[in-house]
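Now for the letters of each chain:
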Amino acid sequence: MNVIICKDKKAVAKEAYRIVRDRVMNGRAKVLGLPTGTTPEGLYAELVKGYKKGEIDFSDVHTFNLDEYIGLDPKDPQSYRNFMDKHLFDHVNIKKANVDFLDGLTGDIDRECARYEEAIVSLGGIKLQVVGIGRDGHIGFNEPGTSLTSRTHMITLAQSTITDNANLFFGGDEDKVPRWALSMGVGTVLDSDEVLMIAFGANKADAIHGMLEGPITSMNTSSALQLHPNVTVVLDEAAASKLKYRDYYHRIAPGNEEAMLKFLAAARKKAGRR
Ligand code: PGA
């Protein structure tokens, strides 16, 4: 995994923006997977800013979101769909027809989950999947114990997720947080061509340590990303604070490959290779 450690959460948002803009504008990522939560708010603000400056164009971009609460109407202020409209979709030139979302009010959960999987495949798969991480290591709403090969499914939320989301989005009232959600599975996330994980804050440090340096285990579903060949993790110093190999990650940061190629070219020249 490529690990980029930034000074603070503002720098995390800027670095994540640079990556998303690059993938969208060089044509490699016209199908995006997107997260909700406090983590991507800075990235979405940067995307809106970038769009207004003419740096990024969403006219041919399709999106799938990771998850949605069961029982909430898309117009409900607490729904993830509403969050996305408010933070991103209403402010950029994405076609609403190109936004696909899990329907939290579906009358047939199995069918809705199968539909989502098929819709992703019909667009050739997700090219860039952006994810945050829960305190318990979840990606999407894949709580500890979720199969690492899971596909889009219904999930019962863990208590730590209910507590965190109550504080962040439901005015601290845990009773208002739905107990269930629909979520892409871990296997669905692993099928995307590239994954961009963003995280900041000391409360994510244990989960990040487990993801990068722990064993691959369904007790921290993000650890399954160790099996993915193209993952970039953008962290702030606090989220990176429990990493054992921190110095090494700094060493393999962007610019490393260019330095290696320069070194190799000089060595070849010295050896008389052409
Ligand atoms: P957060 O949630 O961005 O609100 O911290 C992250 C997640 O649960 O994936």
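To keep things clear, this report deals only with the structure shown in the data block.

Positionally, L261 belongs in helix 9 (residues 256-270). Overall, L261 belongs to the partly exposed group, its relative accessible area being 46%.

Looking now at the site of the ligand. Around the ligand sit G37, T38, T39, G132, I133, G134, H138, L168 and K204, and that is every residue in its neighbourhood. In this structure, T38 approaches the ligand through a main-chain N or O atom, which is 3.0 Å from an oxygen atom. Computed on the free molecule, the ligand has an accessible area of 280 Å², of which 86% lies beneath the protein chains in the complex. For the shell around the ligand, the residue count by class is two nonpolar, six polar and one charged.

Another point: the packing of aromatic side chains. What the rule picks out here adds up to six aromatic pairs. Centroid distance Y69 to F141: 5.8 Å. Interplanar angle 45 degrees. Geometry classified as tilted. In this pair, Y69 is assigned in strand 4 (residues 67-69) and F141 in the loop between strand 6 (128-131) and strand 7 (153-156), connecting sequence segments 72 residues apart. Residue Y69 is classed as buried on the basis of its relative accessible area, which comes to 0%. An aromatic cluster of at least three residues, connected via ring pairs, comprises Y69, Y80, F141 and F170.

Let us look at the sheet that holds strand 4. With respect to topology, three strands assemble into an open sheet ordered 4-8-7, the strand pairing being antiparallel. Of all strands in the sheet, those bounded by a partner on one side alone are strand 4 and strand 7. On average, adjacent strands in this sheet sit at an angle of 30 degrees to one another, irrespective of strand direction. The sheet contact formed by strand 7 and strand 8 (residues 180-183) spans four bridges and is antiparallel. Bridged to I155 within strand 8 is A181.

Attention shifts here to the pairing of strand 3 (residues 62-65). In this sheet, strand 3 lies alongside strand 2 (residues 31-34) in parallel orientation, the contact comprising four bridges. Across the sheet, residue V31 finds its bridge partner in strand 3, namely H62. What joins strand 2 to strand 3 is helix 2 (residues 41-52), and the crossover it makes is right-handed. Note that strand 3 and strand 5 (residues 99-100) share two bridges and pair parallel.

Calculation notes
Residues numbered from 1 in each chain as written. Predicted model: local features only at pLDDT ≥ 70, side-chain atom pairs only at ≥ 80, totals over all residues. Heavy atoms only, no water. Helix = DSSP H or I, 4+ residues; strand = E, 2+ residues; numbered from the N terminus. Buried < 20%, exposed > 50% of the residue type's maximum accessible area, 1.4 Å probe, protein only. Near = heavy atom within 4 Å. Polar contact = N/O pair within 3.5 Å; in protein donor to acceptor, adjacent residues only side chain to side chain. Areas by Shrake-Rupley, 256 points an atom, 1.4 Å probe, with all protein chains shown as cover. Nonpolar A, V, L, I, M, F, W, Y, C, P; charged D, E, K, R; others polar. Phe/Tyr/Trp six-rings, centres within 6.5 Å; stacked < 30°, edge-to-face > 60°. Pairing = 2+ DSSP bridges. Axes fitted to C-alpha atoms, helices over the stretch in contact; angles between N-to-C directions. Right-handed = clockwise from strand over helix to strand, strands pointing away.

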